[in-house]
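A look at the structure
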Amino acid sequence: MGRKAKFNDTTVPSGRGRKAKKQGDPTFPKGILVKEEKELSHRQRQRARKRLLKKQNLNKKLTKLEKTKSNKKEIEDTLTEDNVKNVTKQLKTNKKKKSLKKQLKNNNLSHEDDQMQFNSDSNMSNNEEVMRGEQQKIKKKKLLNSDTKDEIDNYNDIEEYEQNGKMDNEEMNQNEDADSSDSDVDLLPIEKANKKLKKKQEEEQKLAEEEMHDMTLQQFVFTFPTEEELAEVTNLKDIQQRIKDVIMVLSDFKRLRDVNRSRSEYMDLLRNDLCTYYSYNNFLMEKLMQIFPLDELLEFLEASEVQRPMTIRTNTLKTRRRDLAEALINRGVNLDPIGKWTKIGLVIYSSQVPMGATPEYLAGHYILQGASSFLPVMALDPKENEKILDMCAAPGGKSSHIAALMKNTGVIFSNDVNEERIKAVVGNFHRLGIVNSIVCTYDGRKLPSVIKSFDRVLLDAPCTGTGVVSKDPSVKTNKDEVDIQRCCTLQKELLLAAIDCANARSESGGIIVYSTCSILPEENEWVVDHALKKRDVKLIPTGLEFGAEGFTSYRQYRFHPSLKLTKRFYPHVHNMDGFFVAKLKKFSNIVHKNKGAEEETLN
Amino acid sequence: MKRLTEEKTKLVLEKLTKYIGTNVKLLLDRPDGVYCFRERKGRVYYVSEKILSLASMVNPDKLTSIGTCFGKFTKSGKFRLHITALYHLAPYVQHKIWVKPSAEQQFLYGHHISKSGLSRITENTPQYQGVVIFSTNNIPLGFGVTAKSTMDCKYADPMATICFHQADIGEYIRSEDSLI
């Protein structure tokens, strides 16, 4: 819609076109633009000068007033000696004056005078009080001070003051705080306001501090519950509060403790409360309390209550992660890569279809597998054309991962003692297209007598499952000292068998990876430590970038220092199931039978 | 773990030929080593000789599976192909059927494929020919036998069955226990 181009010689007028509309000045909403402070006008300045002068006068009078006060005292002294009648007379005249001034009829005056006469002994101050009472009846409180001062003026014959007194007092009432000190006189109003504000702030701060102090006192007061209180069934919220309180007390025990109670009593109380709140049995809770510091313990328990996110592993034999993610997104699955540490894992946030029944799942493009189950296989680091043993394979997640990393070359022996569960291994292997597998059902401890010389051995040992409480909450209650003992013994035997199965002379391998889904040191560090003593193996770094270091000392136990090369994973730290991974390298096929026997006899 | 008798070998190969024709040769002579069929408890396994030699160390009672299970001999002496063989058959198959995404789920529940669910079919497929069913994005879903030839399919009724269901990958869930 611009101006029409005129290519014949006609000159084109400059400026805006006839139809162009000029935009008006912008308008802004109120408050956006800051108003500049205007200079005071001449009149305003005059008024300000007047105000200042008035104030100065006022101050002068105030100083005078103080002087008169001192005079008044002298008068009072004389008065007490004087005849009271005289005084009352004078008062009468005074009051009459006043009533005239105020143009109010004082009906009670005569009556009051009688009263005065009754109290013949009363001194000046008494008279004043009575007068005050009378004034209140009239409800003219404001004038009260001025009236009393009027009297004083009478005595002193200061006529001047009498005239201005009332007004002065009123003003004084208004600026009570401001005029309290003479130093304020020279201050500008803004400075006064500032001073006032500061005072106010100080007061507020003081109050706040006091309140804080009160609050903290209240908070830290935790009284140890009595037996009856403990016996009666309370609701869970009370118990939760008590857990918090006890942990607070234990965190600053010296200051907050009850002097008559020992630390162990507090610990017992805490343990019992935790057992009730999270429904663990006493034994397991005690074990957990030995492993974790108190604040971490709570986090662990909380994390164990909620399920870990569902994760899947891409079957690299059949597809790539990107293609799989695309296919699943098309089916309405909300997913993300697990993390930077793996290139084949996906975490599923939500899904419109069951993840265990999509055509992709049935075609073997992925397998449902916990994030923690990736770790031992990554630590094992299988290579192509190797002979690898998975001693406790069911349901075949880790075995199939190994086979996928070997790209279906070499051989994977998947063993599991349970014949029912081995069916899942076979099913998964066929679904995922793994062709290099031998699936058998030996007892892991007897495997060395059947077949040896594996390049790598993975032992994902059966355990109490204290790391996967969220998956199987029955662990909380059904584990006991005996169970752990039993697990521990079995694990030691299995680990020794696993080491015996491995071939130390293998060019690439001689690697044994030991893992459990438990977090108890009895099932982890202790077992590995035992194997270190019995066989010619050494711990080597797992190759996993994250995870907490394994324990080298736990309560009375002192483990081999190299156990810090093992890795622990916790639900509250790494958002995966509790897990333990140790990577061992076998150096010779010698079995330290004698050495072990000697140690046992020594012990 | 024993070698198949000649009769049984013949039965197995006949069955495989129905699906992959002359490509059976490729299945036996592979570049990555010699593969062979072995029978155990009526099941036929297809396995590399290398793995077989290692498996010989294992007590047959304790051995559950080696390599890939192709199928089993029925009581009446016929050979039945299992869905587990799909991984090896799908690449060599000569006649294919692609199903629409809407019909995919139906097939995975064990139903036949009707004309309405048919997306594509290999040219010149005769009637009663063994085929492998694919989804539209080329995921093998199972085996079947054509009920109509390609020519007949053109003029078939929308509800008419095109392909009879034989095995599908839904069986991994439906009949996990009976697969092996």
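Within any chain, residue numbers begin from 1 and follow the written order of that chain's sequence. To label them, take the chains in the order written and letter them from A, then take the ligands in the order written and number them from 1. For a predicted model such as this one, the threshold for reporting local features is a pLDDT of at least 70, and the threshold for listing and counting side-chain atom pairs is 80 or more; totals across whole chains, interfaces and linings nevertheless cover every residue. Hydrogens and water are ignored here; the side-chain numbers use all heavy atoms of the structure.

Before going further, it helps to examine the overall build of chain B. When its secondary structure is counted, chain B shows 7 helices and 13 strands. Scaling as 2.2 N^0.38, a compact globule of 180 residues should have a C-alpha radius of gyration of about 16 Å, and chain B matches this with 17 Å. With respect to the principal axes defined by its C-alpha atoms, chain B has extents near 55 × 35 × 30 Å. Partly exposed describes any residue whose relative accessible area lies between the buried limit of under 20% and the exposed limit of over 50%, with all areas from a 1.4 Å probe on protein chains only and scaled to the type maximum. By residue count, 51% of the 180 residues in chain B fall in the buried class. Contacts: residue pairs with any heavy atoms within 4.5 Å of one another. Considering only intrachain contacts with a sequence separation of at least 6, the fraction spanning at least 24 residues in chain B is 58%. For the accessible areas, the method is Shrake-Rupley and the probe is 1.4 Å, while residue cover comes only from the protein chains on display. With the model as given, the accessible surface of chain B reaches about 8,900 Å², and the carbon-plus-sulfur share is 52%. One finds the centroid of the 25 positive side-chain charges in chain B at a distance of 1 Å from the centroid of its 16 negative side-chain charges. Helix and strand labels come from DSSP, where a helix needs a run of H or I of at least four residues and a strand needs a run of E of at least two; each type is numbered from the N terminus. All radius of gyration figures rest on C-alpha atoms, and the globule criterion is 2.2 Å times the number of residues raised to 0.38. By the counting scheme adopted, Arg and Lys are positive, Glu and Asp are negative, and His together with the chain ends is not counted. A charge is said to be at NZ when it belongs to Lys, at CZ for Arg, at CG for Asp and at CD for Glu.

Residue and element names in this part refer to chain A. Here, strands pair whenever DSSP counts at least two bridges between them. Across the sheet, which stays open at both edges, the 4 strands sit in the order E2-E3-E1-E4 with antiparallel pairing between neighbours. Strand pairing shows two members of the sheet lacking a second neighbour, strand E2 (333–337) and strand E4 (366–368), which therefore form its edges. Neighbour-to-neighbour, the strand axes of this sheet turn through a mean angle of 35°, independent of strand direction. As defined by bridge partners, E2 adjoins strand E3 (residues 345–351) across 5 bridges and the pair is classed as antiparallel. In the sheet register, Leu335 faces E3, and the bridge partner there is Ile348. Lines fitted to C-alpha atoms define the axes here, with helix axes fitted over just the stretch in contact, and angles between the N-to-C directions of these axes take values from 0 to 180 degrees. Those strands touched by helix H17 (residues 397–405) are strand E1 (310–314) and E4, and its axis lies near 30° from that of E1.

Moving on, we come to unusual backbone geometry. Note that the residue after Ala394 of chain A, namely Pro395 of chain A, is joined by a cis bond; omega there is 0°. Note on placement: Pro395 of chain A falls in the loop between strand E5 (387–390) and H17. One non-glycine residue with positive phi stands out, namely Tyr128 of chain B, at about 60°. Structurally, Tyr128 of chain B is set in the loop between strand E10 (118–121) and strand E11 (130–135).

Residues and elements named next belong to chain A. When we look at burial in helix H14 (residues 321–330), the residues that qualify are Leu324, Ala325, Ala327 and Leu328. One face of H14 carries all of its buried residues, which in axial projection span an arc of 165°. Exposed positions of H14 whose direction lies more than 90 degrees from the buried face are Arg322, Glu326 and Asn330. Contacts made by the buried residues of H14 are with E1, E2, E3, helix H15 (359–362) and E4. Phi turns positive one or two residues past the end of H14, at Gly332, with a value near 85°. The arc in question is formed by the directions pointing from the helix axis toward the C-beta atoms.

Within soluble globular proteins, side chains that are nonpolar tend to cluster in buried spots. The definition of a nonpolar core used throughout is a set of buried Ala, Val, Leu, Ile, Met, Phe, Trp, Tyr and Cys residues joined through side-chain atoms within 4.5 Å. The biggest cluster of nonpolar side chains holds 83 residues, and the ones touching the most others in it are Met391, Phe413, Leu495 and Val528 of chain A. At 9 residues, the largest contribution of residues to this core is made by helix H21 (residues 481–501) of chain A. Not counting residues within four places of it along the chain, the set of residues in contact with Leu495 of chain A comprises Leu459, Ile512, Tyr514, Val527, Val528, Ala531 and Leu584 of chain A. Residues Tyr366 of chain A together with Phe37, Phe73 and Tyr172 of chain B belong to the second largest nonpolar core, which totals 58 residues.

Residue-level contacts link 29 residues of chain B with 34 residues of chain A. Its largest share of buried area at the contact with chain A, chain B owes to Leu54, Lys62 and Tyr87 of chain B, together 20% of the area lost on that side. For salt bridges, the criterion is a side-chain nitrogen of Lys or Arg within 4 Å of an Asp or Glu carboxyl oxygen. Summed over the shared surface of chain B and chain A, the result is 1 salt bridge. Here Arg331 of chain A makes a salt bridge to Glu104 of chain B, at a shortest N to O gap of 3.1 Å. For the side of chain B that touches chain A, the secondary structure elements donating two or more residues are helix H3 (49–55), strand E5 (63–66), strand E6 (68–73), helix H4 (86–89), helix H5 (101–108) and helix H7 (171–174) of chain B. Accessible-area loss on putting two parts together, using a 1.4 Å probe and summing over both, is the definition of buried area adopted here.

This part is about the pattern of salt bridges. Residues and elements named next belong to chain A. Under the defined criterion, the tally for this structure stands at 23 salt bridges over all chains. Between Arg331 and Glu360 there is a salt bridge whose closest N-O contact spans 2.7 Å. Taken together, the residues span a long stretch of sequence, with Arg331 in the loop between H14 and E2 and Glu360 in helix H15 at a distance of 29 residues. Using a relative accessible area of 1% as the deciding quantity, one classes Glu360 as buried. Here the residues in one salt-bridge network are Asp268, Arg271 and Glu286, joined through shared partners.

In this section: the packing of aromatic side chains. A pair of Phe, Tyr and Trp rings is counted when the ring centres sit within 6.5 Å of each other, with Trp represented by its six-membered ring. The angle between the planes then sorts it: under 30 degrees is stacked, over 60 is edge-to-face, the rest tilted. In total, this model carries 21 aromatic pairs over all chains according to the counting rule given. Measuring from ring centre to ring centre gives 5.4 Å for Phe37 of chain B and Tyr46 of chain B, while their planes differ by 45°; the resulting arrangement is tilted. Here the two residues Phe37 of chain B and Tyr46 of chain B agree in accessibility, since each one is buried. Grouped by ring-pair contacts, the aromatic residues Trp526, Phe551, Tyr554, Tyr557 and Phe559 of chain A constitute a single cluster. We note Arg120 of chain B situated over the ring of Trp98 of chain B; from NZ or CZ to the ring centre the distance is 4.1 Å. Two thresholds decide whether a charge sits over a ring: the Lys NZ or Arg CZ must be within 6 Å of the ring centre and within 35 degrees of the ring normal.

UniProt positions are given in the numbering used here, feature names are shortened, and annotations may be inferred rather than shown by experiment. Per the UniProt record, the feature "domain: PUA" (unreviewed entry) sits at residues 95–174 of chain B. Span residues 95–174 of chain B is 21% helix and 39% strand, its end C-alpha atoms 26 Å apart.

Right, let's get into the pairing of strand E7 (residues 437–440) of chain A. What you see with E7 of chain A is no split at all: Ser437 and Val439 of chain A on one side and Ile438 and Cys440 of chain A on the other are buried throughout. A crossover counts as right-handed when, viewed with the strands pointing away from the observer, the path leading from the first strand over the helix to the second turns clockwise. The parallel pair strand E6 (residues 411–415) of chain A and E7 of chain A is bridged by helix H18 (residues 419–432) of chain A, and the resulting crossover is right-handed.

Residue and element names in this part refer to chain A. Within this structure's numbering, the places UniProt gives as "binding site: S-adenosyl-L-methionine" (unreviewed entry) are Cys392, Ala393, Ala394, Pro395, Gly396, Gly397, Lys398, Asp416, Asp443 and Asp460. Within the secondary structure layout, Gly397 lies in helix H17. For Gly397, a relative accessible area of 9% puts it in the buried group. With respect to the helices and strands, Asp443 occurs in the loop between E7 and helix H19 (447–450). For Asp443, a relative accessible area of 21% gives the class partly exposed.

Residues and elements named next belong to chain A. Where helix H9 (residues 236–251) meets helix H11 (residues 263–278), the closest approach of the two axes is 9 Å, and the angle between their N-to-C directions is 145°. Considering how the two elements wind past one another, H9 and H11 form a crossing that is left-handed. The segment H9 lies against H11, with Leu236, Ile239, Gln240, Arg242, Ile243, Val246, Ile247, Val249 and Leu250 engaging Arg263, Tyr266, Met267, Leu269, Leu270, Asp273, Leu274, Thr276 and Tyr277. Think of it as three bins: nonpolar holds Ala, Val, Leu, Ile, Met, Phe, Trp, Tyr, Cys and Pro, charged holds Asp, Glu, Lys and Arg, and polar takes everything else, Gly as well. For the contact of H9 with H11, the per-class residue count stands at 13 nonpolar, 2 polar and 3 charged. Crossings are sorted by hand: turned counterclockwise from the far helix by less than a right angle, the near helix makes the crossing left-handed, and turned clockwise it makes it right-handed.

Below, the discussion takes up the confidence of the model for chain A. Residues and elements named next belong to chain A. Mean pLDDT over chain A works out to 80, with 75% of the residues at or above the 70 mark. At the low end of the mean pLDDT range in chain A sits helix H3 (residues 109–118), at 45; at the high end sits E4, at 96. pLDDT expresses, on a scale from 0 to 100, how confident the predictor is about each individual residue. Predicted confidence is poor over residues 100–128, with pLDDT under 50, and the contacts of this stretch with residues over four places away or in other chains come to 36 contacts. Confidence over residues 137–155 falls short of pLDDT 50; this stretch has 38 contacts with residues more than four positions distant or in other chains.

What follows covers the side chain of Glu39 of chain B. Residues and elements named next belong to chain B. Topologically, Glu39 is positioned in strand E3 (residues 33–40). The buried category is assigned to Glu39, whose relative accessible area is 6%. A polar side-chain atom of Glu39 sits 3.2 Å from a polar atom in the side chain of Lys8. When sequence neighbours within four positions are dropped, the list of residues in contact with Glu39 reads Met1, Lys2, Leu4, Lys8, Val44 and Phe73. N or O atoms within 3.5 Å of each other form a polar contact, as long as, within protein, one can give a hydrogen and the other can take it, and as long as residues adjacent in sequence are counted only when both atoms are side-chain atoms.

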